[in-house]
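Reading the structure
Okay, here's what each chain looks like letter by letter:
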Amino acid sequence: MNVLLGLEPFCRWQNISGVYKRLINLYRAIDGQGEYVENIRGTGPDGDLHTLSKEETVHANLRQMDVICFQEVHDRVFALLLVLLLRHRYSSFLLDVGDNSWTVNRFLLGSGHLVASRYPVLDAKFFPFTQKLTWQQAVSYGALVIKLDLGNKRIGILTNLHTVAFQGKKDLIGPALDETMEAIHKFKEENVMKNEILVFDCIAGDFNADNMSPSDVEYNKHQIFEQYHDVCMRKPGIDHRFCIGTELRQLKIGTPEASNPQKFCLILKNDRLRYLYVLDADVKEHSMELMVVPSRIGEEDSDSDAGGMRRIDRILVDENLVTIRGISFSSALTGLTDHIPVVMTFAFKR
């Protein structure tokens with residue numbers, strides 16, 4: 001859940017202002033979460049993913065969440081305020097995460113990661129990404145790997161991920177995915193005891209890469225998608241029809257229709273309207289032009305299936321350990337951030 005809680009000038013640059021008011025409304029949206037989402041009846045050949053529709057997966061409210069992975073909570077004051085507001089729902093928090101050093105972030109911004117959990121945190125470690133350019137060197141981009149206590153020696157491994165934005169012509173996301181896999185492997189070796197039972201292994205966050213854009217096709221062949229399952233990915237390059245994009249057009253943020261969760265929910269379900277508000281999955285280069293680029297849908301060489309489908313916020317799971325029960329894309333935070341939050345429900349197999 002990328003929420004962009006930072007210094008006001010930085011937020012205004014991305015066409016989102018009023019950070020204190022947004023923080024309160026963010027809390028209200030989370031506090032108003034509904035029941036667990038359960039709309040998937042199998043992900044294998046006999047499952048129903050091919051018949052699942054946006055009517056079933058796009059919701060105006062947030063669904064029940066036992067753990068929340070936040071990205072871009074860059075100010076510790078806002079992080080503390082969010083913790084104070086959410087502490088009646090969640091018992092464990094990790095905040096102000098990063099590696100504050102000249103080589104990692106030039107002593108400037110942390111990672112922006114914040115985790116709220118109903119389960120106790122047994123251990124955690126932050127692994128900063130090493131491949132960055134220019135302004136990216138001021139941010140502790142990286143992966144936060146956490147060990148959660150589920151009781152009776154059962155544990156879960158959760159990774160909160162945020163890869164670099166606007167990488168340009170140089171490949172920075174590929175090395176970040178490599179380092180994420182190495183980080184998870186190292187963390188498990190050091191922190192999972194022989195007498196403990198691993199019941200889930202999950203990666204959630206802002207990948208800054210979708211499954212369909214020409215610029216991202218190679219990433220979807222990465223080993224991370226072999227070990228972990230993206231339920232929205234039908235195959236590399238093609239998403240299931242029940243999915244939508246999650247990165248909003250910043251120039252459309254704050255418009256009346258994009259400020260009402262109920263109205264915006266209807267827009268997100270509509271393939272003929274969604275692309276006007278959500279970026280298309282036709283990106284050829286990760287540049288800052290994505291902040292202002294108009295849709296090309298309708299042009300002669302455009303791909304209509306890519307309209308409003310830039311899905312960069314993902315939840316991946318090890319399906320050897322869990323059964324996916326539901327997936328939800330929510331309009332609850334419309335007007336509060338430039339991302340659409342994703343919620344998943346899964347059941348432990350042991």
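So, a few notes on the structure that sits alongside this text. Source: prediction; values computed, not measured. Residue numbers restart at each chain and count upward from 1, following the sequence in its written direction. Local features are withheld for residues below a pLDDT of 70 in this predicted model, meaning they are given only at 70 or higher, and side-chain atom pairs are given and counted only at 80 or more; totals for whole chains, interfaces and linings count all residues. For the side-chain quantities, the full set of heavy atoms in the structure was used; hydrogens and water were omitted.

Some thoughts on the environment of Leu-316
- Structurally, Leu-316 can be placed in strand S12 (residues 313-317).
- Considering only alpha carbons, one finds Leu-316 and Leu-148, 168 residues apart in sequence, at a separation of 17 Å.
- It only takes one pair of heavy atoms within 4.5 Å for two residues to be counted as in contact. Not counting residues within four places of it along the chain, the set of residues in contact with Leu-316 comprises Asp-201, Cys-202, Ile-203, Phe-207, Ile-224, Phe-225, Tyr-228, His-229 and Asp-230. Numbering of helices and strands runs from the N terminus; a helix is a DSSP stretch of H or I covering at least four residues, while a strand is a stretch of E covering at least two.

Observations regarding the nonpolar core
- Residues enter a nonpolar core if they are buried and are Ala, Val, Leu, Ile, Met, Phe, Trp, Tyr or Cys, with the set joined through side-chain atoms within 4.5 Å. To sort residues, take the accessible area from a 1.4 Å probe on protein chains only and compare it with the maximum for the residue type: under 20% means buried, over 50% means exposed, and anything in between is partly exposed. Membership of the largest hydrophobic core comes to 74 residues, with the highest contact counts inside it found for Phe-200, Ile-203, Ile-224, Val-231, Ile-327 and Phe-329.
- The biggest single contributor to this core is helix H6 (residues 173-191), with seven residues.
- When sequence neighbours within four positions are dropped, the list of residues in contact with Ile-203 reads Thr-159, Leu-161, Ile-184, Ile-224, Tyr-228, Arg-314, Ile-315 and Leu-316.

Examining the pattern of salt bridges
- When a carboxyl oxygen of Asp or Glu is within 4 Å of a side-chain nitrogen of Lys or Arg, the pair counts as a salt bridge. Under the counting rule described, the total for this entry stands at 21 salt bridges.
- Of the charged contacts, one joins Arg-41 and Glu-56 as a salt bridge, the two residues approaching to 4.0 Å between their closest N and O atoms. Placement of Arg-41 in the loop between helix H2 (19-31) and helix H3 (54-57) and of Glu-56 in helix H3 is noted, with a sequence separation of 15 residues between them.
- On the accessibility criterion, Glu-56 (30% relative accessible area) is partly exposed.

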